[in-house]
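Coordinates in review
Listed below, chain by chain, are the residues.
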Amino acid sequence: MQEIADMQMLETEEKMDKAIDSYNKELQTIRTGRANPQLLDHIQIEYYGVMTPIRQVGQVSVPEPSQLYIKPYDKSVLKQIENAIATSNLGLPPQNDGTGIRLVIPKMTEERRRDLVKQVNKLEETAKVAIRNIRRDANEQIKKIGLTEDDEKGYLEDVQTLTDNKIKEIEKITAKKSEELMHI
């Protein structure tokens, strides 16, 4: 019985780690005023009939701290990349120079920084809810195993401790990102 409970604990920790990884990936799409190729991770174009991330159809470089430059391996997709960026939620106008696309990241205003911090806080709450849902599922699974009352209580306490630690980890990540956003 305890092997099953131990496996449940490992599975729970793995799920919580995946939720935190997902949260980190979402945070990377929030721009901080500095050029970061990961801003383009969620933008895709149709390339030979397959939806393909921009970073797989071209080289993305950072020529200046506030610029991204996308040089496609195949120049025929230049217009598609330009359109995909223009219609994305990045809010950056693409500049096509005939061989590549330049994205200039403007300096952020204080108001924009505060809006982004609010967005980060919403993402944080979503991540915390995901962790709590995983905790709830784990607690239900442990109760179904049929452990002794003391063992069950011990495992439930372990799940709560794990949950508390993962939520603290999320809060640290949020604090770091918020500080990064507010730093001029």
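Whatever comes next refers back to the structure up there.
Parameters and conventions
Residues numbered from 1 in each chain as written. Predicted model: local features only at pLDDT ≥ 70, side-chain atom pairs only at ≥ 80, totals over all residues. Heavy atoms only, no water. Salt bridge = Lys/Arg side-chain N within 4 Å of Asp/Glu carboxyl O. Helix = DSSP H or I, 4+ residues; strand = E, 2+ residues; numbered from the N terminus. Buried < 20%, exposed > 50% of the residue type's maximum accessible area, 1.4 Å probe, protein only. Pairing = 2+ DSSP bridges. Axes fitted to C-alpha atoms, helices over the stretch in contact; angles between N-to-C directions. Parallel < 35°, antiparallel > 145°, perpendicular 65-115°, else oblique. Nonpolar A, V, L, I, M, F, W, Y, C, P; charged D, E, K, R; others polar. Left-handed = near helix turned anticlockwise from the far one by under 90°. Contact = heavy atoms within 4.5 Å.

Let's shift gears to the pattern of salt bridges. Within this structure, the stated rule accounts for 13 salt bridges. A salt bridge links Lys166 to Asp17; the shortest N-O distance between them is 2.5 Å. With Lys166 in helix H5 (residues 149-182) and Asp17 in helix H1 (residues 2-28), this residue pair connects regions lying 149 residues apart in the sequence. Since its relative accessible area comes to 8%, Lys166 is described here as buried. Given the relative accessible area of 29%, Asp17 is considered partly exposed. Here Glu82 ties to Lys79 by a salt bridge, and the two come within 3.4 Å at their closest N and O atoms. Of this pair, Glu82 and Lys79 both sit in helix H3 (residues 78-87), 3 residues apart, roughly one helical turn. When its relative accessible area of 52% is taken as the criterion, Lys79 is described as exposed. Through salt bridges that share partners, Glu13, Asp17, Lys166 and Glu169 make up one connected network.

Moving on, we get to the sheet that holds strand S5 (residues 94-96). With antiparallel pairing, 4 strands are arranged side by side in an open sheet as S3-S4-S6-S5. The open sheet has two edge strands, strand S3 (58-64) and S5, and neither has a second partner. On average, each strand axis in the sheet is inclined to that of its neighbour by 25°, with strand direction left out of account. Bridging between strand S4 (residues 67-72) and strand S6 (residues 101-104) involves 4 bridges; their strand directions are antiparallel. Bridge pairing links Gln67 to Val104 in S6.

Next up on the list: the packing of helix H4 (residues 110-145) against H5. The interhelical angle for the contact between H4 and H5, taken along N-to-C directions, is 170°, at an axis separation of 10 Å. Here H4 lies roughly antiparallel to H5, going by the angle between them. Tallied by class, the residues present in the contact of H4 with H5 amount to 14 nonpolar, 6 polar and 12 charged.

Right, let's get into the packing of H1 against H5. Between H1 and H5, the least distance of the axes is 11 Å, while the angle of their chain directions is 10°. Between H1 and H5, the angle is such that the two are roughly parallel. Between H1 and H5 the crossing geometry is right-handed. Two secondary-structure elements touch here, H1 through Gln2, Ala5, Asp6, Met9, Thr12, Glu13, Met16, Asp17, Ile20, Tyr23, Asn24 and Leu27 and H5 through Asp151, Tyr155, Asp158, Val159, Leu162, Thr163, Lys166, Glu169, Ile170, Ile173, Thr174 and Lys177.

Notably, Tyr48 is not glycine yet its phi reads approximately 55°, a positive angle. Its place among the elements puts Tyr48 in the loop between strand S1 (44-47) and strand S2 (50-53).

With that settled, consider the side chain of Glu82. Exposure remark for Glu82: the relative accessible area of 15% places this residue in the buried category. Setting aside residues up to four positions removed in sequence, Glu82 forms contacts with Pro94, Asn96 and Ile101.

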